[in-house]
Amino acid sequence: MATSDEMAQMLLAGADDYLTKPFSVIQLQGRIMTALRLKDAQDRAVMLNCNLLTVNAELERNLDRRDSDLVHSRNALVLALAKLVERRDTETGSHLLRLQKYCRVLAERRP
């Protein structure tokens, strides 16, 4: 028996729905079914969000592994090229190894 303004205030305060008096059983059943469908949709949204977060975390782990593999492959390639140069010219090869050590020392001391 509330006014339209009072009903609007109740909805703004957090009410999900309302029935006006007098109400019929069919109207009550319809509102209940609507509320149940809304609850089901909310539950499915929560479940889908959890599944999405799980899949996203797995994809991030796969990317991290792939990135790590790429870094290792790149490092192995650079080392293999240095070894190839060393085999062709021992002085140049030794120079490359010295440069590698200098770069490592500099990188480790960098603040």
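K.L.:
Just checking my understanding: could you explain the overall build of the protein chain for this structure?
P.N.:
Per the secondary structure count, the protein chain includes three helices and zero strands. Listed N to C, the secondary structure of the protein chain is α-α-α in terms of helices and strands. Taking 13 Å as the expected radius of gyration for a compact globule of 111 residues, we find that the protein chain reaches 34 Å, considerably beyond that expectation. In terms of overall dimensions, the protein chain has C-alpha extents of about 100 × 30 × 15 Å along its principal axes. Looking at the protein chain as a whole, 3% of its 111 residues qualify as buried. Taken as two groups, the 17 positive and 15 negative side-chain charges of the protein chain have centres that lie 10 Å from each other.

K.L.:
Sorry, what's going on with the pattern of salt bridges here?
P.N.:
Pairing between side chains of opposite charge can happen when their charged atoms approach one another. A full pass over the atoms with the stated rule returns six salt bridges. Ionic contacts of the salt-bridge type, sharing partners, join the residues Glu58, Arg61 and Arg65 into one network.

K.L.:
What should I look at first to understand the environment of Met1 in this one?
P.N.:
Among the structural elements, Met1 can be located in the segment before α1 (4-12). Considered as a pair, Met1 and Leu70 are 69 residues apart in the sequence and their alpha carbons are 70 Å apart.

K.L.:
I would appreciate a short explanation of the environment of Asp43 in the present structure.
P.N.:
Mapping Asp43 onto the fold places it in helix α2 (residues 25-88). With 33 residues separating them along the chain, Asp43 and Met10 place their C-alpha atoms 25 Å apart.

K.L.:
I tried to follow the confidence of the model for the protein chain on my own but got confused; where do I start?
P.N.:
Predicted coordinates in areas of low pLDDT are best not read in detail. Mean pLDDT for the protein chain: 86, with 93% of residues reaching 70 or above. Taken element by element, the protein chain is modelled with least confidence in helix α3 (residues 90-109), mean pLDDT 78, and with most confidence in α2, mean pLDDT 90.

Parameters and conventions
Residues numbered from 1 in each chain as written. Predicted model: local features only at pLDDT ≥ 70, side-chain atom pairs only at ≥ 80, totals over all residues. Heavy atoms only, no water. Helix = DSSP H or I, 4+ residues; strand = E, 2+ residues; numbered from the N terminus. Rg over C-alpha atoms; globule rule 2.2 N^0.38 Å. Buried < 20%, exposed > 50% of the residue type's maximum accessible area, 1.4 Å probe, protein only. Lys, Arg positive; Asp, Glu negative; His and termini not counted. Charge placed at Lys NZ, Arg CZ, Asp CG, Glu CD. Salt bridge = Lys/Arg side-chain N within 4 Å of Asp/Glu carboxyl O. pLDDT = per-residue confidence, 0-100.

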